[in-house]
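Below, each chain spelled out in residue letters.
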Amino acid sequence: YEITPTDNSDIMYLFNDITADQWRISQVGGASFIGVAFLGSRLVFPSGIAQNYSSIPHAKVVEVQGGQTISGQFVNQSVMRYGFRTSATFPLIDSEWVDSDMSDFEAHYNDGLPFVWAAAPKQFPDDYGYCWRPANSSELKPTYNNGGLYEEFTIQLQGFVNARTV
């Protein structure tokens, strides 16, 4: 696969299922910088996200500093950090799937390890990010519904966004 970036925007590429012992990322011509390269198994949730989900492009957090004089006049602000924070609730996911297919991800998430999130990459190609569980947020705790047939849970997402896209 060959990808040629045209600017400094984030890139996400979903491969078809491939099994390999080695992977190579090469750069041809000019200087380049790779912030994060993440390869892993894809976990596809069997149902959609509940209403009231703010997509990553609309969940940006821009921390600013300064901005006014002692008398209250605006002078300027400095952007300290760009990021995003949102959550996604999954209602009525089959309990068997949660207890088997999702168990490795649940442990990974609860340990605060990073992952790539893409809510619906074919429908919303800009709604993706390199994420982690926010500090002081709850672990992933699925709860049983409908006599144990289904489970519901909410995933808290935090991450970095490219400053140029804010």
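Residues numbered from 1 in each chain as written. Predicted model: local features only at pLDDT ≥ 70, side-chain atom pairs only at ≥ 80, totals over all residues. Heavy atoms only, no water.

### Describing the nonpolar core
Then, in step 1: Of all hydrophobic cores here, the largest spans 19 residues; its most connected members are F45, F90, M102, F105, W117, F153 and I155.
Then, in step 2: Elements with a contribution of two residues or more to this core: β2 (74–94), α1 (95–99), α2 (103–110), β3 (115–118) and β6 (150–159).
Then, in step 3: Of the residues forming this core, the biggest block, four residues, is contributed by β2. (Core = buried A, V, L, I, M, F, W, Y, C linked by side-chain atoms within 4.5 Å. Buried < 20%, exposed > 50% of the residue type's maximum accessible area, 1.4 Å probe, protein only. Helix = DSSP H or I, 4+ residues; strand = E, 2+ residues; numbered from the N terminus.)

### So, the pattern of salt bridges
Then, in step 1: Tallied over the full model, the rule gives two salt bridges.
Then, in step 2: Here R133 makes a salt bridge to E139, at a shortest N to O gap of 3.8 Å.
Then, in step 3: By relative accessible area, R133 is classed as buried at 17%.
Then, in step 4: Take E139: its relative accessible area is 33%, and that puts it in the partly exposed class. (Salt bridge = Lys/Arg side-chain N within 4 Å of Asp/Glu carboxyl O.)

### Structural notes on the side chain of D127
Then, in step 1: Inspection of the secondary structure puts D127 in the loop between β3 and β4 (128–132).
Then, in step 2: In this structure, D127 is buried with no salt-bridge partner, the nearest side chain bearing the opposite charge being K60 at 9.8 Å.
Then, in step 3: Aside from chain neighbours lying at most four places away, what touches D127 is Y53, S55, I56, P57, W117, A118 and A119. (Lys, Arg positive; Asp, Glu negative; His and termini not counted. Contact = heavy atoms within 4.5 Å.)

Nothing here speaks to function; it is all geometry.
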